[in-house]
Amino acid sequence: MSDLSPWKAFTVERKDHVAQVTLIGPGKGNAMGPDFWAELPVLFGELDADPEVRAVVLAGSGRNFSYGLDLVAMGGSLGAVVSGKALAKPRTDFHAMIKNMQAAITAVADCRKPVVAAVQGWCIGGAVDLISAADIRYASADAKFSVREVKVGMVADVGTLARLPLIIGDGHVRELALTGKDIDAARAEKIGLVNDVHDDADAVLAAAHATAAEIAANPPLVVQGIKDVLDHTRSPQVDDSLRYVAAWNAAFLPSEDLTEAITAVFEKRPPQFKGE
């Protein structure tokens with residue numbers, strides 16, 4: 001049965017105790033714009049509270065999971081902080097925006113119903129933040145992943161640097177975050193970013209639903225207890241990292257390199273960074 005709530009960035013379907021949440025944009029490649037960030041915590045709060053939902057499948061519509069943060073749609077929110085007059089007020093506002101975006105991703109991680117991500121095509125930047133908050137990740141053979149923030153003059157600040165070291169290990173995180181390189185599904189499986197790789201988008205979605213169905217068949221309170229115990233030791237570490245990076249970016253993100261990165265996106269050209 002389709003969800004009756006008027007989501008703009010998602011579709012939601014519930015069947016046999018499993019909810020499928022599908023990213024639909026509206027930005028190109030299911031990019032994460034204002035609607036995504038506003039709706040995600042509300043949606044996962046509803047799924048957390050719904051006694052009929054025992055597991056969640058997280059998917060992307062079309063050829064790609066998500067291109068990540070919609071810089072074009074979110075450019076206005078960054079405008080004040082990248083201006084030459086970014087003093088206390090715009091930095092405070094920007095800090096609050098980061099905290100809100102972090103809370104949106106954390107709503108996925110904190111959902112008591114296990115979340116299984118099915119990734120096809122590109123999974124870039126903020127999309128890696130999102131799947132890092134899932135419990136289990138599967139990929140199609142054509143999937144590609146990139147912790148892309150360094151390429152656009154940013155320190156990833158809504159979950160990747162907090163959660164990914166607990167998934168793939170410190171060395172792999174540093175390689176991906178410091179280079180911004182793309183990796184394919186085979187490398188993602190090798191380093192443990194995804195649990196398994198499947199032939200195509202249909203196959204990976206079917207695998208995610210099969211795992212979600214297995215979870216949903218188990219005692220729901222015990223499943224929630226397992227999540228709670230597994231999260232207990234890592235949650236303080238994640239929370240501390242999120243607080244630190246929010247403060248760091250509010251202090252140091254405004255730069256000529258960030259302005260250059262955003263300008264280059266709009267002008268569709270390679271950026272020229274100067275370390276200023």
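Residues numbered from 1 in each chain as written. Predicted model: local features only at pLDDT ≥ 70, side-chain atom pairs only at ≥ 80, totals over all residues. Heavy atoms only, no water.

Chemist: An account of the pairing of strand 3 (residues 55-60) is needed here, citing residue identities and associated values.
Modeler: A regular strand places its side chains on the two faces of the sheet in alternate fashion. Judged by how many residues are buried, strand 3 sits mostly within the fold: six of six residues are covered. Going residue by residue along strand 3, you find Ala55, Val57 and Ala59 tucked away on one face and Val56, Leu58 and Gly60 tucked away on the opposite face as well. Sheet topology places strand 2 (residues 18-23) next to strand 3; six bridges connect them, and they run parallel. Paired with alanine 19 across the strands is valine 56, a residue of strand 3. Following the chain from strand 2 across helix 1 (residues 34-49) to the adjacent parallel strand 3, one finds a crossover that is right-handed. As paired elements, strand 3 and strand 4 (residues 115-119) share three bridges and run parallel to each other. When the bridges of strand 4 are listed, valine 56 appears paired with valine 115. (Buried < 20%, exposed > 50% of the residue type's maximum accessible area, 1.4 Å probe, protein only. Helix = DSSP H or I, 4+ residues; strand = E, 2+ residues; numbered from the N terminus. Pairing = 2+ DSSP bridges. Right-handed = clockwise from strand over helix to strand, strands pointing away.)

Chemist: Outline the layout of surface pockets, listing residues and values.
Modeler: The computed volume of the largest pocket comes to approximately 950 Å³. Along its surface, the largest pocket is lined by 38 residues, and Tyr67, Leu69, Leu71, Val152 and Val265 are the ones closest to its centre. Those elements giving two or more residues to the lining of the largest pocket turn out to be helix 2 (71-82), helix 3 (88-110), strand 5 (122-124), helix 4 (126-132) and helix 11 (256-267). Its residues assigned to classes, the lining of the largest pocket comprises 25 nonpolar, four polar and nine charged. Forming the boundary of the second largest pocket are 14 residues, of which Leu161, Val173, Arg174, Ala177 and Leu178 lie nearest the centre. The dominant element in the lining of the second largest pocket, judged by the number of residues it contributes, is helix 6 (residues 170-179), at five residues. (1 Å grid on protein atoms, 1.4 Å probe; cavity = no way out; pocket = protein on both sides within 12 Å on 5 of 7 lines; lining within 4 Å. Points joined across faces, edges and corners; volume = space filled by probe spheres on them. Nonpolar A, V, L, I, M, F, W, Y, C, P; charged D, E, K, R; others polar.)

Chemist: Can you lay out the packing of aromatic side chains for me, pointing to particular residues and giving the numbers?
Modeler: Scanning the entire structure with this criterion turns up three aromatic pairs. An angle of 35° between the planes, with centres 5.5 Å apart, marks the rings of phenylalanine 10 and phenylalanine 36 as tilted. One end of the pair, phenylalanine 10, is in strand 1 (residues 10-15); the other, phenylalanine 36, is in helix 1, and 26 residues separate them in sequence. For the ring pair phenylalanine 36 and tryptophan 37, a centre distance of 4.9 Å and an interplane angle of 85° mean the geometry is edge-to-face. By relative accessible area, phenylalanine 36 is classed as buried at 2%. Taken together, the ring pairs in this structure connect Phe10, Phe36 and Trp37 into an aromatic cluster. (Phe/Tyr/Trp six-rings, centres within 6.5 Å; stacked < 30°, edge-to-face > 60°.)

Chemist: Which residues make up unusual backbone geometry, and what values do they have?
Modeler: Negative phi values dominate among residues other than glycine, just as trans dominates among peptide bonds. Each neighbour pair has its own omega, and for glycine 25 with proline 26 the value is 10°, a cis peptide bond. If you check the backbone angles, histidine 17 has positive phi at about 70° while not being a glycine. Structurally, histidine 17 is set in the loop between strand 1 and strand 2. Unlike most non-glycine residues, lysine 268 shows phi in positive territory, near 55°. For lysine 268, the location among the structural elements is in the segment after helix 11.

Chemist: Please set out the sheet that holds strand 4 residue by residue, giving values where relevant.
Modeler: Pairing is mixed in the open sheet, where six strands are placed in the order 1-2-3-4-6-9. In this open sheet, the two edge strands, each paired with only one partner strand, are strand 1 and strand 9 (196-198). Within the sheet, the average angular offset between the axes of one strand and its neighbour, ignoring direction, is 20°. The strands that helix 1 touches are strand 1, strand 2, strand 3 and strand 4; relative to strand 1, the one it contacts most, it runs at about 10°. (Axes fitted to C-alpha atoms, helices over the stretch in contact; angles between N-to-C directions. Contact = heavy atoms within 4.5 Å.)

Purely spatial values, then, with no claim about function.
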